[in-house]
Amino acid sequence: MLTELIFALLSVILLCRILYGIILKIKDIRWLRAKGMTFREYFDEKQFKGKVAEYGVSDRLKRMGTDYKVFDGIMIRCQWGTSQIDHIVVSKYGIFVIETKNYQGKIYGADKSENWKQYIHGNEYRMVNPVRQNQGHVRALMECLPTYNQFQYVSIVAFAGDANVKTNCQNVVYVYELTKYISNRKKEILTEKQVDEYCNKLNELNILSEEERKKHNVNVEHNNYLKEHGTSFRSI
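Within any chain, residue numbers begin from 1 and follow the written order of that chain's sequence. The predicted nature of this model means local features are confined to residues of pLDDT at least 70 and side-chain atom pairs, given and counted, to a pLDDT of 80 or more, with totals for whole chains, interfaces and linings taken over all residues. To get the side-chain values, all heavy atoms of the structure are used, and hydrogens and water are removed first.

Draft legend 1. Broad picture of the environment of Cys-199. Helix and strand assignments come from DSSP, with helices taken as H or I runs of at least 4 residues and strands as E runs of at least 2, each series counted from the N terminus. Tracing the chain through its elements places Cys-199 in helix α5 (residues 192-205). Relative accessible area serves as the criterion here: at 9%, Cys-199 is assigned to the buried category. Counting along the chain gives 111 residues from Cys-199 to Ile-88, while the straight-line C-alpha distance between them is 9.8 Å. If near-sequence neighbours (up to four positions away) are discounted, Cys-199 is found in contact with Lys-69, Phe-71 and Val-90. With a 1.4 Å probe rolled over the protein chains alone, any residue whose accessible area is under 20% of its type maximum counts as buried; one over 50% counts as exposed, and the rest are partly exposed. Should any heavy atoms of two residues lie within 4.5 Å, those residues are considered in contact.

Draft legend 2. Local environment of the packing of aromatic side chains. Aromatic contacts are taken between Phe, Tyr and Trp rings whose centres are within 6.5 Å, Trp giving its six-membered ring; a plane angle under 30 degrees counts as stacked, one over 60 as edge-to-face, and the others as tilted. Taken as a whole, this structure holds 6 aromatic pairs when the rule is applied. Look at Tyr-68 and Tyr-93: their rings are 6.1 Å apart centre to centre, the planes differ by 35°, and that puts the pair in the tilted class. Highlighted residues: Tyr-68 in the loop between α2 (39-61) and β1 (69-78) and Tyr-93 in the loop between β2 (81-91) and β3 (94-102), separated in sequence by 25 residues. Each member of the pair Tyr-68 and Tyr-93 is classed as buried. Aromatic pair Tyr-103 and Phe-159: ring centres 6.4 Å apart, planes at 55°, arrangement tilted. Placement of Tyr-103 in the loop between β3 and β4 (106-108) and of Phe-159 in strand β7 (residues 153-160) is noted, with a sequence separation of 56 residues between them. Using a relative accessible area of 15% as the deciding quantity, one classes Tyr-103 as buried. Owing to a relative accessible area of 2%, Phe-159 belongs among the buried residues under this scheme. Taken together, the aromatic side chains of Tyr-148, Tyr-153 and Tyr-198 make up a single cluster linked through ring pairs.

Draft legend 3. Highlighting the pairing of strand β6 (residues 123-128). Strands are labelled as partners when DSSP assigns at least two bridges between them. Here strand β5 (residues 115-120) runs beside β6; their pairing, made up of 6 bridges, is antiparallel. Bridge pairing links Ile-120 to Asn-123 in β6. Here β5 hands over to β6 after 2 residues, with His-121 in that stretch at a positive phi of 55°.

Now the structure itself:
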């Protein structure tokens, strides 16, 4: 009797999850159709907006001076595949690993949540937790460059666009705050030699193949969609 009850309860929970996923997908389809877009076009637009934000961040970082070595779009191979980092700033004050997000609306999230919530166009959407996403980038770098420890890394998520971010995460900033956030760190934790060695190794590890980069981007978009919607992906 108890087993049947548990089975029935699990079935109801599973059905509710499926229905919720269907409702979210219908809302997404209606929103995209109202904009006259397919999912492929939507992903292309997201990538375009992301690149615009990344170029803006890169320009700000490169104005910080010669003490800060800036790397953009570094892609490295790690045990779970590939990892692409928006920006890495290497200095004697630390290795700053930066994830740039170009979002609108109100965004709510905590550092340990799997997903954050975005409220826009009167709808609620899930988005991949950017703090955890960037922690994955740091882990990939530590795996490839094991002589540098976690205390030498600083993970930062920088929001561009018109996002109104509501979080208690200490390492989440707006783009206009980014350079000040970095320059406020005055304790030297790397020698000049370590900075040079790290930069040289980054250049050696960086994957330049356009084919591999395209494959990585497709996989990221697909995985993010599944995480955010909890449904299988089909082009529309």
